[in-house]
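# Observations on chain architecture
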Amino acid sequence: MFTTALIGVDLSAAEDPLIECVSDLATWGVGRIVLAHVIHVDYGRFAGLGHEDRYRDWLEQRAEPLRAGGLEVQTSVTASGRPAAELLARAREHGADLVVVGSRSQRLTERLFLGSVATEVIRSSELPVLVERLERDLQVDEERCVAACSRALERVLLATDLSDQSAAAEDAVVELAERAGSIDCLIVVDDAAHGVAVSADHVEGAAASIVERITAAGGRGTVRIEHGDARERIPAIAAEGYSMVVVGKHGHGRVTGAVIGTTAARVAEAAGVSVLLVPA
């Protein structure tokens, strides 16, 4: 499913761990990488202009080890007043089928702070977006980050509300199933949100059919049904040793009782692992 990934980097010290995550994408089937930096220019902000060659050199230095590892790597430096829109435009130009952004976290509060560019990429992208969690390494340097991307496919949590809009996320997991270690199909039931009971048989049957597709694709899947508010339960469950969460960007099925877009935003913000957001 995924063959070309565009990695949005801001050239800060925190970005090296994000680039180190790229090699893990090879286990997804990704063979081509675009390292992209957008110089943010707007009223009163032009400091980056005129330094494009320096930025390209920075990217090229980080591209070389990836090329030595067998990946095809291109670099891109452009300028725009709308960095997120520019990154997505470059993704389309290069034929990317996955966009990767980093999200720094605050260890003391255990919350992620996505940043304005990453948030806008997530909101606007018509492509799947992988949010890589970058944790501050306070033992070494406040500015140094470490990534939580190692073996993202080792233990995957698929969070679905069984709506048509979540089908693309389910399809993505099925495509990755053969490469994954294990996949739990999670459905969070929140009857109170609609004031009606949701048939347990219906939920279990729908989840089982997804697991059957995962198994047929060569993977290992199990059903997991929980109760409560999906926006709170999914991040909490993700902390139970999962390596990545996959969730749809939009949708509003009866099961979760909430717009999955809201749920997806909360998961991307609060989960302590990589999050793959798949648009409908």
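Shown above is the structure to which this text applies.
This report concerns the structure included in the present document. All of these numbers come straight from a predicted model, not from anything done at the bench.

Turning next to the side chain of S243. Its place among the elements puts S243 in the loop between α8 (230-238) and β11 (244-248). For S243, a relative accessible area of 11% translates into the label buried. Not counting chain neighbours up to four residues away, the residues in contact with S243 comprise R151, A152, L153, E154, R155, V156, V273 and S274.

What follows concerns the packing of aromatic side chains. Under the definition given, this model contains one aromatic pair. One residue, R62, lies across the ring of W58, its end atom 3.7 Å from the ring centre.

As a further point, take unusual backbone geometry. Working note: non-glycine residues mostly have negative phi, and peptide bonds are mostly trans. Even without being glycine, L162 reaches a positive phi, approximately 65°. When you line up the elements, L162 lands in the loop between β8 (155-159) and α6 (167-176). Given the relative accessible area of 24%, L162 is considered partly exposed.

Side chains of nonpolar character tend, in soluble globular proteins, to be buried together. Core analysis: the largest hydrophobic core is formed by 51 residues, its most contacted members being I7, L25, W28, I33 and L276. Residues V99, V101, A238 and A271 belong to the second largest nonpolar core, which totals 34 residues.

Strand β12 (residues 274-278) sits mainly inside the fold: five of its five residues count as buried. The alternating pattern of β12 places S274, L276 and V278 on one face and V275 and L277 on the opposite face, and all of these are buried. Sheet analysis places β11 next to β12, joined by five bridges and oriented parallel. Along β12, the bridge assignment pairs V246 with L276.

Calculation rules
Position numbers for residues start from 1 in each chain and track the written sequence from start to end. Given that this is a predicted model, residues contribute local features only at a pLDDT of at least 70 and side-chain atom pairs are listed and counted only at 80 or more, while totals for whole chains, interfaces and linings are drawn from all residues. Excluding hydrogens and water, the side-chain values take into account all heavy atoms of the structure. Only runs of H or I of at least four residues qualify as helices and only runs of E of at least two qualify as strands under DSSP, and these elements are numbered from the N terminus. Only protein chains enter the accessibility calculation, which uses a 1.4 Å probe; a residue whose area is less than 20% of its type maximum is buried, one above 50% is exposed, and one in between is partly exposed. Residue contacts are counted whenever heavy atoms from the two residues lie within 4.5 Å of one another. Pairs were defined over the aromatic rings of Phe, Tyr and Trp, the Trp ring being its six-membered one, requiring ring centres within 6.5 Å. Orientation was assigned from the angle between planes: stacked under 30 degrees, edge-to-face over 60, tilted for the rest. Over a ring means this: the NZ of a Lys or the CZ of an Arg is within 6 Å of the ring centre and within 35 degrees of the ring normal. Residues enter a nonpolar core if they are buried and are Ala, Val, Leu, Ile, Met, Phe, Trp, Tyr or Cys, with the set joined through side-chain atoms within 4.5 Å. At least two bridges found by DSSP between two strands are what make those strands a pair.

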